[in-house]
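Descriptive structure summary
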Amino acid sequence: MSTKSVTQQYSSARDRYAELGVDTDVALEALSRIPISLHCWQGDDVAGFERSAEGLSGGIAVTGNYPGAARGPEELRADLDQVVGLLPGRHRLNLHAFYGEFGERKVDRDAIGPEHFAGWIEWAKGHGMGLDFNPTFFSHPLSADGFTLTHADPAVRAFWVEHGKRCREIGAKMGEALGSTTVTNVWIPDGYKDLPVDRKGPRERLLESLDAMFAKVIDPAVHLDAVESKLFGIGSESYVAGSHEFYMGYAVSRQKVLCLDAGHFHPTEGISDKISSVLQFVPRLLLHVSRGVRWDSDHVVLLGDDLLATAQELVRGDFLGRAHIGLDFFDASINRIAAWVIGTRAMIKALLVALLEPTEKLREMEAAGDYTGRLALLEELKMMPFGAVWDYHCERSEVPSGMRWLDEVRRYEREVLSQRAAGAAVAV
Ligand code: RNT
Ligand code: ZN
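These lines cover the structure that appears in this document, whether it is placed above or below. (Residues numbered from 1 in each chain as written. Chains lettered and ligands numbered in written order. Predicted model: local features only at pLDDT ≥ 70, side-chain atom pairs only at ≥ 80, totals over all residues. Heavy atoms only, no water.)

1. Quick word on the pairing of strand β3 (residues 130-134)
- Within β3, five of the five residues are buried, which leaves it mostly tucked inside the rest of the structure.
- Judged by which residues are buried, β3 turns out to be covered on both faces: Gly 130, Asp 132 and Asn 134 on one side and Leu 131 and Phe 133 on the other are all buried.
- Across five bridges, strand β2 (residues 92-96) lies against β3 in parallel orientation. Bridge pairing in β3 places Leu 93 opposite Leu 131.
- Chirality of the crossover, the property in question, places the unit of β2, helix α4 (residues 118-127) and β3 among those that are right-handed. (Buried < 20%, exposed > 50% of the residue type's maximum accessible area, 1.4 Å probe, protein only. Helix = DSSP H or I, 4+ residues; strand = E, 2+ residues; numbered from the N terminus. Pairing = 2+ DSSP bridges. Right-handed = clockwise from strand over helix to strand, strands pointing away.)

2. Here we look at the environment of Pro 400
- Along the polypeptide, Pro 400 turns up in the loop between α13 (386-396) and α14 (404-415).
- Look at Pro 400 and you get buried, because its relative accessible area is 15%.
- Considering only alpha carbons, one finds Pro 400 and Pro 88, 312 residues apart in sequence, at a separation of 8.9 Å.
- With residues up to four places along the chain from it excluded, the contact list for Pro 400 reads Gly 85, Leu 86, Arg 345, Cys 394, Glu 395 and Trp 405. (Contact = heavy atoms within 4.5 Å.)

3. Observations concerning the pattern of salt bridges
- What the rule picks out here adds up to 24 salt bridges.
- With its nearest N and O atoms 2.6 Å apart, the salt bridge here joins Arg 316 to Glu 357. Highlighted residues: Arg 316 in helix α9 (residues 305-316) and Glu 357 in the loop between α10 (336-355) and α11 (359-367), separated in sequence by 41 residues.
- When its relative accessible area of 29% is taken as the criterion, Arg 316 is described as partly exposed.
- Among the ionic contacts, a cluster of salt bridges with common partners joins Arg 71, Glu 75, Asp 79 and Arg 420. (Salt bridge = Lys/Arg side-chain N within 4 Å of Asp/Glu carboxyl O.)

4. A short note on the packing of aromatic side chains
- Scanning the model with the defined rule gives 14 aromatic pairs in all.
- Seen from their ring centres, Phe 246 and Tyr 250 are 6.4 Å apart, and the 5 degrees between their planes marks the pair as stacked. Taken together, the residues span about one helical turn, with Phe 246 and Tyr 250 both in helix α7 (residues 244-254) at a distance of four residues. Note on accessibility: Phe 246 and Tyr 250 belong to one class, buried.
- Ring pairs connect the aromatic residues Phe 49, Phe 98, Tyr 99, Phe 138 and Trp 187, which therefore count as one cluster.
- Geometry around Phe 265 places Lys 274 over its ring, the cationic atom sitting 4.6 Å from the centre. (Phe/Tyr/Trp six-rings, centres within 6.5 Å; stacked < 30°, edge-to-face > 60°. Lys NZ or Arg CZ within 6 Å of the ring centre and 35° of its normal.)

5. Quick look at the site of ligand 1
- Around ligand 1, the neighbouring residues are Trp 41, Ile 60, His 96, Trp 187, Glu 228, Lys 230, Asp 261, His 264, His 288, Asp 328 and Phe 330.
- Between ligand 1 and Glu 228, the relevant distance is 2.8 Å, taken from an oxygen atom to a side-chain nitrogen or oxygen of the residue.
- Here Lys 230 contributes a side-chain N or O atom positioned 2.7 Å from an oxygen atom of ligand 1.
- Considered on its own, ligand 1 offers 310 Å² of accessible surface; in the complex 99% of this is hidden by protein.
- Taking a 2 Å distance to the grid points as the criterion, the majority of the atoms of ligand 1 fall inside the largest cavity.
- Per-class residue counts for the shell around ligand 1 are four nonpolar, three polar and four charged. (Near = heavy atom within 4 Å. Polar contact = N/O pair within 3.5 Å; in protein donor to acceptor, adjacent residues only side chain to side chain. Areas by Shrake-Rupley, 256 points an atom, 1.4 Å probe, with all protein chains shown as cover. 1 Å grid on protein atoms, 1.4 Å probe; cavity = no way out; pocket = protein on both sides within 12 Å on 5 of 7 lines; lining within 4 Å. Sits in = over half its atoms within 2 Å of the grid points. Nonpolar A, V, L, I, M, F, W, Y, C, P; charged D, E, K, R; others polar.)

6. Examining the side chain of Asn 134
- Secondary-structure assignment places Asn 134 in strand β3.
- Among the polar contacts listed, one links the side chain of Asn 134 to the side chain of Asn 94, at a separation of 2.8 Å.
- At 2.9 Å, the side chain of Asn 134 and the backbone oxygen of Leu 95 are in polar contact.
- When residues no more than four places from it in sequence are discounted, the contact partners of Asn 134 are Trp 41, Asn 94, Leu 95, His 96, Ala 97, Thr 184 and Asn 185.

7. Thoughts on the environment of Leu 224
- Structurally, Leu 224 can be placed in strand β6 (residues 223-228).
- Accessibility expressed as a relative area gives 16% for Leu 224, which makes it buried.
- Discounting residues that sit within four places of it in the chain, Leu 224 has contacts with Thr 181, Thr 182, Val 183, Thr 184, Val 257, Arg 284 and His 324.

8. With respect to empty space enclosed by the protein
- Scanning the entire structure with this criterion turns up three cavities of 30 Å³ or more.
- The space that makes up the largest cavity amounts to roughly 190 Å³.
- Along the wall of the largest cavity there are 17 residues; nearest its centre are Ile 60, His 96, Trp 187, Glu 228 and Asp 328.
- Here the lining of the largest cavity is built from residues that sort into seven nonpolar, six polar and four charged. (Points joined across faces, edges and corners; volume = space filled by probe spheres on them.)

Quick look at the structure:
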């Protein structure tokens, strides 16, 4: 579509929304201020850059063998350059600890420091982006038996507590260097495949480990701690120590950020309805936006009912100021750059649709008991021309509208990704 017709279509869409009392310019202004935290791990199938790569463990799995996975920091950053160039707005990057740049030496998890992330900080600075962070409690010999912060052996627990402490320091350094609060999110895989007899012990130890890890007070302007629950993983089907109830209680009692991952609940349970509940009790929320499909919690995010409901809750409840939106999916069966772009653009689109809602009108109907009108209008809104507003937003932000972004991804695949020999390692 030509730029002229994008503008024309926008102008008629603007009139249609104005009839409902919605100002599309105001919605776009609000939309361009919402950062999405891009997960670095979509680009290399959650492999990381450690010397003695262990192979992915911890009950998460990436399937597919599409060529072109990034093999080191330079490639991953080049891929991310592509991704951010196809997204309207200014976003953030979310790193896992095993994506540090460790050089030729083996640097174990209890020895990492901010120096290993200097390249990332510089990259983020160059893009005017903030960074978020995660300790990596998986893909390591000391997590191989399925336990980290809950381990029965105090020496193993101490190793992981030290890792967590160092990650908080790294996160704080990132936040300070970039002038933008870093959220460091703790997720551990600990759990049992089959029925445990002692459900209490691991949770007691988790509580103790977390308190030890979080003992040092860090300025919340530069760094915030988040904790992420999970219902089950591959190999931890019967019991996960860090359940929703555990972390809900922990976050409430310690006033930590609670992370809700869309794929970590029962299949018919969405995270949207949890937002206004948990924010009565925790100061802030981190969302891991994902899409669960049967056993898998991490499919590429699409603009579906669940995603829309989450965006609507954030907007309707005026929660955007207390919610950090992060992505968490990984697919190795399609072009990885496309996976990032599809998922991130879907998240931004969902926020746009939510911002284009005549919420006041709907609230008035609800308050007046006019549930008939409420339902009719909610249904009618699905036919509104938000696509025209989206295209205009992309063009104005100097990123391709419609499907044109895919041309750019295909060009990069031809010129760069297809040249990467599958499985070959490069120096990091
Ligand atoms: C795993 C959690 C966790 C991971 C990342 C890689 O089930 O969702 O957030 O996906 O830390
Ligand atoms: Zn997650």
